Amino acid sequence: MTEQIEGSKAVARAVAACRPRVVCAYPISPQTHIVESLSTLVRTGVLPGCEFVNVESEFAAMSVAIGASATGARAYTATASQGLLFMAEALFNAAGLGLPIVMTVANRALGAPINIWNDHSDAMSQRDSGWIQLYAESNQAATDLHVQAFRLAEEMSLPVMVCMDGFVLTHACEPVEVPTVEQVGGYLPAFVPRQRLDPDAPVTIGAMVGPEAFTEVRYLAHRTHLDALSRIPALGEEFARGFGRPGMSLLAPYQADAETVVVALGSILGTLKDTVDGLCADGVSVGVLGLTAYRPFPGAALCAALRGARRVVVLDRALAPGVGGVVAADVDTALRGTRTPRYDVVAGLGGRPVTRASLDAMLRAAARDALDPVTFLDLDTDLLAGAAGHG
Amino acid sequence: MPVNRVKFYQTGSYAVGNRLLDPRSRAVQSDPARTNAITTGHRACQGCGEALGARYVLDAAMRATGGKLVTVNATGCLEVFSTPFPESSWRVAWLHSLFGNAPAVATGVAAALRAQGREDIRVIGQGGDGGTVDIGFGCLSGMFERDDDVLFVCYDNQAYMNTGVQRSGATPPAARTATTDAVGPAPGNAFGQGKDAPRIAMAHGIPYVATATVADPRDLEYKVERAMSFRGARYLHVLVPCPLGWGSAARDTVRLARLATQCGLFPVYEAERGDVVAATPIRAAVPVTEYLRPQRRFAHLFRPELRTDVIGRIQAIADANIARYGLLEAGHD
Ligand SMILES: Cc1ncc(C[n+]2csc(CCOP(=O)(O)OP(=O)(O)O)c2C)c(N)n1
Ligand code: SF4
Ligand SMILES: [Mg+2]
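Residues numbered from 1 in each chain as written. Chains lettered and ligands numbered in written order. Predicted model: local features only at pLDDT ≥ 70, side-chain atom pairs only at ≥ 80, totals over all residues. Heavy atoms only, no water.

For chain B, an unreviewed UniProt entry supplies the name Pyruvate synthase subunit beta and the organism Virgisporangium aliadipatigenens.

The name recorded for chain A in an unreviewed UniProt entry is 2-ketoisovalerate ferredoxin oxidoreductase subunit alpha, from Virgisporangium aliadipatigenens.

Below is the structure:
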């Protein structure tokens, strides 16, 4: 049943339908509505058999999730921005220990300057943490991705981050079909951990590993990620069969056989598609290639999807200072060996709206190869002049 | 009187006296069927107080819980010397995550067990003084404040030993460490710094807080058992001399732990819900010099000249402890 619901509430209900045993959280905008809703669902008994732990920091949130997951409990938390950075050490640890924790990241900029609005700097900063990262385009996708994330995480024994744009998705009310406990039950089996803290069969987890085996441990982590590349679409198809709507895939192409293809992720894809429709009507051949999976990076699939493109534009919602876009660098790696011209566009930082008009102008310029290698969309030159004046 | 005879036998060798006690009161370590929670083959230095303390604590906890125990360990000497992959000295369910998060990880374990209806399984978190009073303090305080069902044990060797003896928030005044050199007008660690972790734990109002040392294993075991009789957050702070970091002889580990309590520098007591309920009395206080002199970290207090001024300040700290906990008062014995 489709209902008009806030993104955060829909996600909270989807998570609850997955029957986590431990939910821990520390508040940070724009994640708050998700964990507030989950707290209510636990308190009111809608989500039974679950411990909701109000922790004292995000570092503790991830650590509680680590302890719970290692004890064989399905564990969930959510954060954003500074909170994600604050748990960084524990993120790498959860991935290294192979604990299938699922976490929502309500994507938000990183300070300084402090800024609560949406971009992808937070999740991108943790791209090498060993977590799988899935990006939601809409609230329906965000809701459904959580169900699939638990399945994927537990199958791969890896933690999964579901990234949804802060405010743009978390606080938006849209029609969403929220999965029910019964539906989820048919898709997500009970959590059977690979290893568990159990007094009856005691194991040592988290031993120190030296040079003689460390490379092999890391290689296996890499291989597990590569295995996930085939499991993501397979689990997405299974989801589609069970739920009657599309499941996750690695890529989300939209008229991607065009001359100019824009690679992007998250909620900006909607605006991009609208822009592309307008451009095509004008005879400008532009398509979109959405990324659902950012880690593992679907390089081969991306390369194949871009084979016919005359040029590729990568729209990044994060900045690697001194480099340019973050995703752009991954796309370059995937396109290695090809001569396809590639443009970086850094857009929508710290919540700056990315308008259809700006995208339209930028893509027309790209189609003429009249775009700088790295473009900051809608850069306010007057503001910069003022800043320079204040030296 | 039988009571007196027990005390007589327990002087010097507690194991001998065991024969006269009912089985339940005997030392855990005297039981050949004990768990051996941390078994041989680990890489601790000779005379390591931490290895000793961990063995007493976990074996006692295993007995108290009927073997239903999960342990979470912070990074530090204990973790490093016990688990060089692919070996492990642990015979208990054991998890190491990070340096600063052991109390929170333990909370997660306890929360999972609760959700699974397995509250019969108990949880111990453990770490060094650095992992407890410094980098893990936020997580520890959070665990206390929520009254999570975890016993956290701090093995206090008064510095960051695993990284080569740097100063921690538990390093005593005047002690030389790699980051508090014994040079200048105020050699070694500064006075007026450091945290009294057990008292801060007490301020949280948690059910049980206790201090202990490896010099009195029966007392340590008793406190673990006692701690396990409570639900909620509990804290045990154990003094564990470190021959490497203290510059002491391996054979002096137990002697130094005893001297630390007998001079008053390390008061041994128990507290419930924020109030001290018992303190181990000192029969005759020994001067702090007897405790300080065998340790090279305090050598600058004796050579090239006797620093009576500095020693006097340390003695004052010991005297204040004796007064605060009534360690010389009659009636405790
Ligand atoms: C976040 C972080 N900072 C620093 C370290 C380095 N480190 C590892 S063990 C250790 C010292 C541990 O000291 P303590 O907790 O007192 O235990 P001990 O080794 O003395 O038993 C330090 C500083 C680390 N592993 N992680
Ligand atoms: S350095 Fe100290 S604490 Fe570490 S193993 Fe050696 S004696 Fe034990
Ligand atoms: Mg230490």
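Undergrad: What exactly am I supposed to notice about helix 3 (residues 49–64) of chain B here?
TA: Because an α-helix packs 3.6 residues into every turn, residues spaced three or four apart end up facing the same way. Residue and element names in this part refer to chain B. Helix length check: helix 3 (16 residues) gives 22 Å between terminal C-alpha atoms against 22 Å at 1.5 Å per residue, within 8%. Judged by how many residues are buried, helix 3 sits mostly within the fold: 12 of 16 residues are covered. Those residues of helix 3 lying buried are Gly49, Glu50, Ala51, Gly53, Ala54, Tyr56, Val57, Leu58, Asp59, Ala60, Ala61 and Met62. Positive phi shows up at Gly66, right after helix 3, with a value of about 65 degrees. (Helix = DSSP H or I, 4+ residues; strand = E, 2+ residues; numbered from the N terminus. Expected span 1.5 Å × (residues − 1). Buried < 20%, exposed > 50% of the residue type's maximum accessible area, 1.4 Å probe, protein only.)

Undergrad: Before we go on, may I ask you to explain the pairing of strand 4 (residues 75–79) of chain A in this structure?
TA: Side-chain direction in a regular strand flips from residue to residue, so the side chains alternate between the two faces of the sheet. All names here are of chain A. Across the five residues that make up strand 4, a large majority, five, are buried. Burial along strand 4 is two-sided: the residues Ala75, Thr77 and Thr79 and Tyr76 and Ala78 are all buried. Relative to strand 4, strand 2 (residues 22–25) is paired through two bridges, and the arrangement is parallel. For Val22, the partnering residue across the bridge sits in strand 4 and is Ala75. Inspection of the sheet shows strand 4 paired to strand 5 (residues 102–107) by four bridges, in the parallel sense. Paired with Ala78 across the bridge in strand 5 is Thr104. (Pairing = 2+ DSSP bridges.)

Undergrad: Looking at this structure, I do not really get the interface of chain B and chain A. What am I missing?
TA: Frequently, the measure chosen for interface size is the accessible area removed from exposure when the parts meet. The partner chain A presents 36 residues to the 37 residues of chain B that form the contact. Summed over both partners, the interface of chain B with chain A buries about 2,800 Å², with 64% contributed by carbon and sulfur atoms. Of all residues in chain B, Phe85(B), Leu95(B) and Leu98(B) bury the most surface against chain A, accounting for 19% of the area lost on that side. Seen at the junction of chain B and chain A, the total is two salt bridges. Its salt-bridge partner being Glu56(A), residue Arg146(B) comes within 2.7 Å of it at the nearest N-O pair. For the pair chain B and chain A, the number of links is 15 residue pairs in polar contact (both at pLDDT 80 or more). Counting residues per element, the ones that place at least two in the side of chain B that touches chain A are strand 1 (69–73), helix 4 (77–82), strand 2 (93–96), helix 5 (102–115) and helix 7 (137–145) of chain B. Considering every element that reaches the side of chain B that touches chain A, the biggest residue donor is helix 5 of chain B, with 10 residues. Its residues assigned to classes, the side of chain B that touches chain A shows 20 nonpolar, 12 polar and five charged. (Contact = heavy atoms within 4.5 Å. Buried area = accessible area lost by both parts, 1.4 Å probe. Salt bridge = Lys/Arg side-chain N within 4 Å of Asp/Glu carboxyl O. Polar contact = N/O pair within 3.5 Å; in protein donor to acceptor, adjacent residues only side chain to side chain. Nonpolar A, V, L, I, M, F, W, Y, C, P; charged D, E, K, R; others polar.)

Undergrad: What's the story with the site of ligand 1 in this structure? I'm lost.
TA: Around ligand 1, the surrounding shell holds 17 residues, and the nearest of these are Glu50(B), Cys77(B), Gly130(B), Gly131(B) and Met161(B). The site occupied by ligand 1 is bordered by residues of chains A and B. The contact in question runs from an oxygen atom of ligand 1 to an N or O atom on the side chain of Asp129(B), over 3.0 Å. Here an oxygen atom of ligand 1 sits 2.8 Å away from a polar atom, N or O, in the main chain of Gly131(B). Within the complex, 77% of the 590 Å² of free accessible area of ligand 1 lies under protein. It is helix 6 (residues 129–134) of chain B that contributes the most residues to the shell around ligand 1, three residues altogether. For the shell around ligand 1, the per-class residue count stands at six nonpolar, eight polar and three charged. (Near = heavy atom within 4 Å. Areas by Shrake-Rupley, 256 points an atom, 1.4 Å probe, with all protein chains shown as cover.)

Undergrad: Which parts of the structure should I look at to understand the coordination of the magnesium ion (ligand 3)?
TA: Under ideal tetrahedral coordination, the four donors around a metal are separated by 109.5 degrees; under ideal octahedral coordination, the six donors are separated by 90 or 180 degrees. Surrounding the magnesium ion (ligand 3) are the protein donor atoms Asp129(B) (OD), Asn157(B) (OD1) and Ala159(B) (O), at 2.0 to 2.1 Å. In terms of primary sequence, the donors binding the magnesium ion (ligand 3) are separated according to D-x27-N-x1-A. (Donors = N, O, S within 2.8 Å, 3.2 Å for Na, K, Ca; no water.)

Undergrad: Could you clarify how one ought to interpret the domain arrangement of chain A in this entry?
TA: Residue and element names in this part refer to chain A. Taken domain by domain, chain A consists of domain 1 (2–243) and domain 2 (251–386). Averaged C-alpha coordinates put domain 1 and domain 2 at centres separated by 27 Å. Across the contact, 25 residues belong to domain 1 and 24 residues belong to domain 2. For the pair domain 1 and domain 2, the two sides together bury roughly 1,800 Å², of which 59% comes from carbon and sulfur. Contact with domain 2 buries surface across domain 1, with Met124, Arg127 and Glu137 losing the most and accounting together for 32% of the total. Where domain 1 touches domain 2, the interface holds two salt bridges. Of the charged contacts in the structure, one is a salt bridge between Lys273 and Glu137, with a shortest N-O distance of 2.8 Å. (Domains from an automatic or database assignment.)

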